[in-house]
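One letter stands for each residue in the lines below.
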Amino acid sequence: MPHFLIDCSETLFSLQPESAIIEQVHAVAKSTELFHENDIKVRVNAYKNYSTGTKTEDFIHVFSHIMEGRSDEQKAGLTKAIVTKLVAMLPTVPNVGANVVELEKANYFNRNML
């Protein structure tokens, strides 16, 4: 935990390598000091077929799944930092976004908790 799930258009990788996007999202998450570096997980889902409204334009969106307990300011700072970095990396991409999904401790379970 946390998990950063990146949805994006497949054609985005002609602008930046997938590995660079993963590395930068990881670096931004680490820079917030909200998470331990070894706990940060980043994955990419690239789409060949999609629509963005009535057009087909490049897009990237980061869904940040984090454990509850951070303030609204911390969560807003995280998403702003992610979007800022992605816009700098991908200045021609018109659709760039991020959000936070909070996981409740009461119903979260993983292998280490067995």
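Predicted model only: the values in this text are computed from it and were never measured.

A. Up close: the packing of aromatic side chains. Tallied over the entire structure, the rule returns three aromatic pairs. Ring geometry for Tyr50 against Phe59: centres 5.0 Å apart, planes inclined by 65 degrees, an arrangement best described as edge-to-face. In this structure an aromatic cluster arises from ring pairing among Tyr47, Tyr50 and Phe59.

B. Representation of the sheet that holds strand 3 (residues 59-67) in the model. Read across the sheet, four strands follow the order 2-1-3-4 without closing on themselves; strand pairing throughout is mixed. The two strands at the open ends of the sheet, each matched to only one other strand, are strand 2 (41-47) and strand 4 (95-103). Looking at each pair of strands side by side, their axes are set apart by 15 degrees on average, direction ignored. The pairing of strand 1 (residues 3-9) with strand 3 spans six bridges and is classified as antiparallel. Across the sheet, the residue bridging to Phe4 is Ser64, located in strand 3. In the packing of helix 1 (residues 18-31) onto the sheet, the strands contacted are strand 1, strand 2 and strand 3, and the crossing angle to strand 2 comes to about 140 degrees.

Reading the values: rules and limits
- Residues numbered from 1 in each chain as written.
- Predicted model: local features only at pLDDT ≥ 70, side-chain atom pairs only at ≥ 80, totals over all residues.
- Heavy atoms only, no water.
- Phe/Tyr/Trp six-rings, centres within 6.5 Å; stacked < 30°, edge-to-face > 60°.
- Pairing = 2+ DSSP bridges.
- Helix = DSSP H or I, 4+ residues; strand = E, 2+ residues; numbered from the N terminus.
- Axes fitted to C-alpha atoms, helices over the stretch in contact; angles between N-to-C directions.
- Contact = heavy atoms within 4.5 Å.

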